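The lines below spell out each chain.
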Amino acid sequence: MSAIIVVGAQWGDEGKGKVTDLIGQDVDYVVKFNGGNNAGHTVVVDGKKYALHLLPAGIINPKATPVIGNGVVIDLDVLFQEIDQMEAEGIDTSRLRISSNAHIIPSYNKIMDKLSERSLGDRLIGTTGRGIGPTYADKMNRIGIRIQDLFDESILRQKVKSALEQKNFTMEKEFGLEPVDVDQVADSLLQYADRVRPMVFDCSLEVNKALDAGKNVLFEAGQATMLDIDHGTYPFVTSSSPTAGGACTGSGVGPTRIDRVVGIAKAYVTRVGEGPFPTELLDQTGEDLRQAGGEFGVTTGRPRRCGWYDAVVARYAARVNGLTDIVLTKLDVLTGYKQIPVCVAYDVDGRRVDEMPADQTSFHHAKPIYEELPGWEEDITGCRRFEELPVNAQAYVRRLEELSACRISVVGVGAGREASIERTALL
Ligand code: GDP
Ligand code: IMO
Ligand code: MG
């Protein structure tokens, strides 16, 4: 039996999809526990590329049961579009299970997401516009709509009505928009009830039973540590808990059942949307990294902001998640640099700071203190054993391991499932 959590150790897009798919070959359940279709995970199998948003990346593995946990927010239009698309690509989605407690993203929350960004003006978050924030806000406000509400029409209509009383007030009075019609929203949700019904299950009960029976369960995060609502760069974060604790609350599994927590980190760093990013490269070097790494969003197509590896962020991720392992992805993208700077600490207003500053002003003022590591010229995409890497690439990984306070168990050298170097087995 093994329960393993996979989380993003930076600002997202670290390659969680690839790693979930890689480890997922040996697991029985893959449970997505947070976020929604703000995520964009790319999985490449035998040269074929799959882009997933709402479905767990584990759906591609024909042996595992993919699960959408209670911590996820679901846009039903997107869910069925993605299911249909996967089926068209030859992926069997019939094993998909959805927690009855997961919340639904109603269409009005996509409007609310955009209105909220508009009213923030130049302080905007740069959200994906998928209605994620307003839906988690409704959940906390206790006016959310859950999957199980689809099966009781009168309750559903009542809940949509109470939520819309607040939303319509904002839309009409603040923005001069037409009010959203209660029945139209309820009808559009109810049309999915029959398709959703056979997928619905008690996530906590089934996943715990699976663990009791000695099965392997992988918990797959969307987003990342630095986008966590509690531990990220608030308010420039998403509205869920992508850190390891979120896997427990987002699925109904207790922390004592977890065996491993794997953080995915790129060999450099990217960020999409607004917010502080100390190692960001605003010059040609950043543009080169973006081109070399193909750093354009899977969800919104936005160019990702790029910068050097930040070991302060990595140490923080190791601490907040209790990481047992790091998977370092995209080492191949760094081929060709003479020197590779790595951020070891920050300079905050003339003071050296070794750990993540606890206050936002210090983090906004943080300037990276770099250590220069020697680069390598050789193409490493064909390497499959650590010893096959050029010595400077090996030294780069070892130094990152030291600085990040966590062992680096796997190194990624390409997008394909096979392009991975295993140093320590993850399962
Ligand atoms: P996720 O959101 O964390 O799943 O990551 P994304 O899929 O949004 O972005 C990661 C991108 O890097 C995808 O295009 C992956 O195919 C690609 N990728 C993952 N690991 C590696 C690697 O080791 N090397 C290279 N070159 N690409 C990788
Ligand atoms: P994956 O799972 C990178 C960012 C958005 C924005 C902020 C809030 O592919 O790593 P939201 O729509 O969630 O309210 O936006 O979070 N963001 C991501 N950035 N990867 C993601 O997912 C992200 N999901 C949200 O760009 O800055
Ligand atoms: Mg992504």
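Residues numbered from 1 in each chain as written. Chains lettered and ligands numbered in written order. Predicted model: local features only at pLDDT ≥ 70, side-chain atom pairs only at ≥ 80, totals over all residues. Heavy atoms only, no water.

(A) Highlighting the nonpolar core. Counting residues in hydrophobic clusters, the biggest one holds 62 residues, and the most contacted among them are F219, L331, L334 and Y396. Taken domain by domain, this core gets at least three of its residues from each of domain 1 (1-99 + 198-260) and domain 3 (264-420). Membership of the second largest hydrophobic core comes to 44 residues, among which are M86, A102, I143 and A193. (Core = buried A, V, L, I, M, F, W, Y, C linked by side-chain atoms within 4.5 Å. Buried < 20%, exposed > 50% of the residue type's maximum accessible area, 1.4 Å probe, protein only. Domains from an automatic or database assignment.)

(B) The arrangement of the pairing of strand β5 (residues 65-68) in detail. Burial along β5 is two-sided: the face carrying T65 and V67 and the face carrying P66 and I68 are both buried. Pairing of strand β2 (residues 29-32) with β5, which is carried by 4 bridges, proceeds in the parallel orientation. Residue pairing in the sheet places V31 in a bridge with V67 of β5. One ladder, built from 2 bridges, connects β5 with strand β7 (residues 97-99); its direction is parallel. Of the residues in β7, the one forming a bridge with V67 is R97. (Helix = DSSP H or I, 4+ residues; strand = E, 2+ residues; numbered from the N terminus. Pairing = 2+ DSSP bridges.)

(C) Structural view of the coordination of the magnesium ion (ligand 3). Protein-derived ligands of the magnesium ion (ligand 3) are D13 (OD) and G40 (O), with the metal-ligand distances lying across 2.0 to 2.1 Å. Of this pair, D13 sits in the loop between β1 (2-8) and α1 (16-24) while G40 sits in the loop between β2 and β3 (41-45); the two residues are 27 residues apart in sequence, bridging distant segments of the chain. What makes D13 partly exposed here is its relative accessible area of 23%. G40 gets classed as buried once you look at its relative accessible area, which sits at 12%. (Donors = N, O, S within 2.8 Å, 3.2 Å for Na, K, Ca; no water.)

(D) Spatial organisation of helix α4 (residues 132-141). The complete set of buried residues in α4 reads I132, P134, T135, Y136 and D138. Of the residues flanking the end of α4, it is R142, one or two places downstream, whose phi is positive at about 65°.

(E) Just the site of ligand 2, in detail. Every one of the 20 residues lining ligand 2 counts as a neighbour, but D13, K16, T128, Q223 and T238 are closest to it. Note that an oxygen atom of ligand 2 is positioned 2.6 Å from one of the side-chain N or O atoms of T128. Coverage of ligand 2 by the protein amounts to 97% of the 550 Å² it exposes when considered alone. (Near = heavy atom within 4 Å. Polar contact = N/O pair within 3.5 Å; in protein donor to acceptor, adjacent residues only side chain to side chain. Areas by Shrake-Rupley, 256 points an atom, 1.4 Å probe, with all protein chains shown as cover.)

(F) How the structure looks around the site of ligand 1. Surrounding ligand 1, one finds 19 residues, the nearest of these being K16, G40, H41, T42 and D332. The backbone of K330 places a nitrogen or oxygen atom 2.9 Å from an oxygen atom of ligand 1. Between ligand 1 and D332, the relevant distance is 2.7 Å, taken from a nitrogen atom to a side-chain nitrogen or oxygen of the residue. Taken by itself ligand 1 offers 580 Å² of open surface, and the protein chains cover 91% of this. Those elements giving two or more residues to the shell around ligand 1 turn out to be α1 and β3. Of all the elements, α1 adds the most residues to the shell around ligand 1, at 3 residues. A class-by-class count of the residues in the shell around ligand 1 yields 4 nonpolar, 8 polar and 7 charged. (Nonpolar A, V, L, I, M, F, W, Y, C, P; charged D, E, K, R; others polar.)

(G) Local environment of the UniProt feature "binding site: Mg(2+)" (unreviewed entry) in the protein chain. Sites flagged by UniProt as "binding site: Mg(2+)" (unreviewed entry) map to D13 and G40. In summary, the annotated positions, though distributed over 28 residues, converge in three dimensions, the widest C-alpha pair being only 7.5 Å. Not counting residues within four places of it along the chain, the set of residues in contact with G40 comprises D13, L52, H53, V298 and T299. (UniProt positions renumbered as here; feature names shortened; annotations may be inferred. Contact = heavy atoms within 4.5 Å.)

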